[in-house]
Amino acid sequence: MTPLKSFREQGHTRARGRSAEDDGVAWLGEQGLRVVDRNVQFKVGEIDVVALEGETLCFVEIKARATNRYGEAVRAVTRRKQQQIAAAAMLYLAKRSHDGPCRFDVLAMDGTPAGWRYTYLRDAFQLE
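Residues numbered from 1 in each chain as written. Predicted model: local features only at pLDDT ≥ 70, side-chain atom pairs only at ≥ 80, totals over all residues. Heavy atoms only, no water.

**Let's talk about the overall build of the protein chain**
Across its full length, the protein chain holds three helices and five strands. The linear arrangement of helices and strands in the protein chain, starting from the amino end, is α-α-β-β-β-α-β-β. Taking all 128 residues of the protein chain together, 39% fall into the buried category. A total of about 7,500 Å² of accessible surface is found on the protein chain, and carbon and sulfur atoms cover 47% of it. (Helix = DSSP H or I, 4+ residues; strand = E, 2+ residues; numbered from the N terminus. Buried < 20%, exposed > 50% of the residue type's maximum accessible area, 1.4 Å probe, protein only. Areas by Shrake-Rupley, 256 points an atom, 1.4 Å probe, with all protein chains shown as cover.)

The structure is reproduced here in structure tokens:
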């Protein structure tokens, strides 16, 4: 079963999100990132994935869309969503020390007839 087929067969939105996130985490691992945390939740927001790429701590937002009916997945990471991720990242760093660089990445997963098309945006946005 292809990952996208599994995604489409899920009965509700939360299950589809989890299925896509699992596929995204596997893909990140194939790209050389080491996942250290998933679904880190704070009152201000959630971080889908925290990973290391070398010494860089990456806060990764994963967005998936089975079709482009509502636009590409990357467009779902709005300014408001970026602010929530940044606020959660600040709390994450307050609880867990990291001396190296940090960045905010987005993994957009768009459904195609052949399966997922992955678009990985390193350093997708900055803190103001």
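Picking up after the structure, the text goes on.
**Looking at the environment of F59**
Topologically, F59 is positioned in strand β3 (residues 56-65). For F59, a relative accessible area of 1% gives the class buried. Counting along the chain gives 27 residues from F59 to A86, while the straight-line C-alpha distance between them is 8.7 Å. Once residues lying within four places of it in the same chain are set aside, the contact partners of F59 are I47, V49, V50, A89, Y92, L93, C102, R103, F104 and D105. (Contact = heavy atoms within 4.5 Å.)

**Some thoughts on helix α3 (residues 79-95)**
Over its 17 residues, α3 extends 25 Å from the first C-alpha to the last, a length consistent with the 24 Å expected when each residue adds 1.5 Å. Listed in full, the buried residues belonging to α3 are K81, Q82, I85, A86, A88, A89 and Y92. (Expected span 1.5 Å × (residues − 1).)

**Here's the deal with unusual backbone geometry**
Phi at N39 is positive, roughly 50°, even though this residue is not glycine. For N39, the location among the structural elements is in strand β1 (residues 34-42). For D123, which is not glycine, the phi dihedral falls at a positive 55°. By the element assignment, D123 lies in strand β5 (residues 115-125).

**Describing the packing of aromatic side chains**
The tally for this structure, following the rule as stated, stands at five aromatic pairs. Taking the centre distance of 4.8 Å and the plane angle of 15° together, the rings of F104 and F125 count as stacked. Taken together, the residues F104 in strand β4 (residues 102-112) and F125 in strand β5 connect sequence positions 21 residues apart. What makes F104 buried here is its relative accessible area of 8%. Ring-pair connections join several aromatic residues into one group, and the members of that group are F59, Y92, F104 and F125. (Phe/Tyr/Trp six-rings, centres within 6.5 Å; stacked < 30°, edge-to-face > 60°.)

**Thoughts on the environment of Y92**
With respect to the helices and strands, Y92 occurs in helix α3. Relative accessible area serves as the criterion here: at 4%, Y92 is assigned to the buried category. Between the alpha carbons of Y92 and I47 there is a distance of 9.0 Å; along the sequence they are 45 residues apart. With sequence-adjacent residues up to four places away left out, Y92 is seen in contact with V36, D37, V40, F42, I47, V50, L57 and F59.

**Regarding the sheet that holds strand β2 (residues 45-53)**
The strands that make up a sheet pair up through hydrogen bonds in the backbone, lying either parallel or antiparallel. In spatial order, the strands read β1-β2-β3-β4-β5; together these five strands make up an open sheet with mixed pairing. A single partner strand is all that each edge strand has here, and the edge strands are β1 and β5. Mean inter-strand twist for the sheet, computed between neighbouring axes without regard to direction, equals 30°. Here nine bridges tie β3 to β4, and the two strands are oriented parallel to one another. By the bridge assignment for β4, I62 is matched with L107. The strands touched by α3 are β1, β2, β3, β4 and β5; relative to β2, the strand with the most contacts, the crossing angle is about 65°. (Pairing = 2+ DSSP bridges. Axes fitted to C-alpha atoms, helices over the stretch in contact; angles between N-to-C directions.)

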